[in-house]
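For reference, the chains in residue letters:
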Amino acid sequence: GAPILVATLAGLFFPPFGPGRPLETGLLLVLLNTVFWCAFTMVGAPYLALLPEIAKTTVTRTRISSLMTGFSVLVIILGNLALRPLVAAWAGGVTLLGIPFRNGFEPQALLCGLLILFFVVLATFSVRERPNHAPEGGHLSFRSAVMESLRNPAFLPLVAPMSVFLIGVNILITAVPYFGRSVLHATEAEASIGSALVYAVAALTLPFLGRVVPTYGKKRLYGLSLLVMAAQFSLLPLIALSPWPTATYLFVMGTLGVPVGTMLVLSRVLISDVIDEDEKRTGLRREAMYFGMQGLLTKVSFGVGPLVATQLFTFFGNTADRPFGVLLCGPVAGLLGLLGWAAFRRYPLD
């Protein structure tokens, strides 16, 4: 999947049609996006499926998931710090290694594609996968495998709350740039500092999770993180009443990093437990099926969240004169987080 992923990623930034041909360009983007996300699943699901196979204990899974999260956060921060200024600096075009580029996005796409290819190949040839011997009864058909996953009593109580909660998260991600202009009266760049602060604080929490999880338990910490984030989302409109709105905004976003880091790590650990439970029921190891099903159900939130946010903007406003649509994004996300927390309480595993 990696070569297809890289090729379609690059293709998104190098459309062959020039200005004035929006239909052809739009159809091509639909095709490339579809193939890109299929290839993303081809890479992502097997990669994530290695975690419960390699690590068999909660302590080891927490440590590896913390490292995975840490590197992801590092890349996000470095990408925002390094690539964004380069895009701005090369907005009018640039020639690198004798290759002319029309804007700053094109060399960035090629660089990211090469990095993806390098690290996927590195993982492919360096990770030792356990031999997967076929059981006596054979493997399940695709339909049976899907239905058996849905019948697992621990699967939907974990993934459904996560999907609902991620809708709220994506509502806020959509609202952050407008929050800067309409509430803080600042630029989008200044508002994006809050998002970077979330990830920075999340990274700082990772070293402590290995000590806290065995003491307090995965389910309790995950549920508490859901509840805390729902409360923090709901309080975002109060920033408009603060005498120091920017400082209050940065404080709220920074404190969000603690539950965000906890959830990013424990979501992989908890789904690994669900996979172990499935093995007891079916006698099969079906890691990739579960991560694929999880991805299918949670990716819906990436479309629903921005849709909800834009509807709030349309009806209640997203400008400095009418900021209520942006402010309402917080309570709506908080309500969804609360619903997710309530649903997660039915998760049966410790």
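Our subject in this report is the structure included herewith. Note on numbering: residues in each chain are counted from 1, in written sequence order. Owing to the predicted nature of the model, reporting of local features is limited to residues with pLDDT of at least 70; listing and counting of side-chain atom pairs is limited to 80 or more, with chain, interface and lining totals taken over all residues. To obtain the side-chain values, all non-hydrogen atoms of the structure were included, while hydrogens and water were left out.

### A look at the overall build of the protein
Next, step 1: On a plain count of helices and strands, the protein comes out with 11 helices and two strands.
Next, step 2: Reading the secondary structure of the protein in the N-to-C direction produces α-α-α-β-β-α-α-α-α-α-α-α-α.
Next, step 3: Throughout, the radius of gyration refers to the C-alpha atoms, and the reference size of a globule is 2.2 Å times the residue count to the power 0.38. Computed over its C-alpha atoms, the radius of gyration of the protein comes to 22 Å, within 12% of the 20 Å expected for a compact globule of 350 residues.
Next, step 4: Its C-alpha atoms put the protein at 65 × 55 × 35 Å along the principal axes.
Next, step 5: A 1.4 Å probe rolled over the protein chains alone gives each residue an accessible area, and that area as a share of the maximum for its type sets the label: buried under 20%, exposed over 50%, partly exposed in between. The buried share of the protein, reckoned over its 350 residues, is 41%.
Next, step 6: Taking all contacts inside the protein whose residues are at least 6 apart in sequence as the whole, residues at least 24 apart take part in 78%.
Next, step 7: Computed with a 1.4 Å probe, the accessible areas rest on the Shrake-Rupley method; for each residue, only the protein chains presented here act as cover. Summed over all atoms, the accessible surface of the protein reaches about 18,900 Å², with 71% contributed by carbon and sulfur.
Next, step 8: Here the protein contributes 24 positive and 16 negative side-chain charges, whose respective centroids are spaced 4 Å apart. For helices the rule is a DSSP run of H or I covering at least 4 residues; for strands it is a run of E covering at least 2, with both sets numbered from the N terminus onward. In what follows, a contact means two residues having at least one pair of non-hydrogen atoms within 4.5 Å. Positive charges come from Lys and Arg, negative ones from Asp and Glu, while His and the chain ends are left out of the count. By convention, charge coordinates are those of NZ in Lys, CZ in Arg, CG in Asp, or CD in Glu.

### Quick notes on the environment of Val 59
Next, step 1: Relative to the helices and strands, Val 59 resides in helix H3 (residues 58-89).
Next, step 2: Here the alpha-carbon distance between Val 59 and Val 269, two residues 210 residues apart in the chain, equals 9.5 Å.

### Brief notes about the nonpolar core
Next, step 1: Formed by 56 residues in total, the largest nonpolar core has its most connected members in Leu 158, Phe 179, Tyr 222, Phe 233, Val 274, Cys 329 and Tyr 347.
Next, step 2: Counting only elements with at least two residues in this core, the list comes to helix H5 (142-151), helix H6 (156-182), helix H7 (188-216), helix H8 (218-234), helix H9 (245-282), helix H10 (287-316) and helix H11 (324-344).
Next, step 3: Looking at this core, the element that brings in the most residues is H9, giving 12 residues.
Next, step 4: Setting aside its immediate chain neighbours within four residues, Phe 233 contacts Phe 165, Val 169, Leu 172, Leu 256, Gly 330, Pro 331, Ala 333 and Gly 334. To form a nonpolar core, buried Ala, Val, Leu, Ile, Met, Phe, Trp, Tyr and Cys residues must be joined to one another through side-chain atoms within 4.5 Å.

### Some points on H5
Next, step 1: Where H5 is concerned, the buried positions are Ala 145, Val 146, Glu 148 and Ser 149. With its buried residues spanning 165 degrees around the axis, H5 presents them on a single face.
Next, step 2: Taken together, the buried residues of H5 touch H9 and H10. Working definition: the arc comes from the directions between the helix axis and the C-beta atoms, pointing outward to the latter.

### Some thoughts on the pattern of salt bridges
Next, step 1: What counts as a salt bridge is simple: a side-chain nitrogen of Lys or Arg found within 4 Å of a carboxyl oxygen of Asp or Glu. Under the criterion given, the structure shown has 12 salt bridges.
Next, step 2: In this structure, Glu 277 engages Lys 280 in a salt bridge whose closest nitrogen and oxygen atoms are separated by 4.0 Å. Residue Glu 277 and its partner Lys 280 are located together in helix H9, separated by three residues, close to a single helical turn.
Next, step 3: A relative accessible area of 70% means that Lys 280 is categorised as exposed.
Next, step 4: Residues joined in a network through salt bridges with shared partners are Arg 61, Lys 218, Asp 273, Asp 276, Glu 279, Arg 285 and Glu 287.

In short, the description is geometric, and any link to function would need to be established separately.
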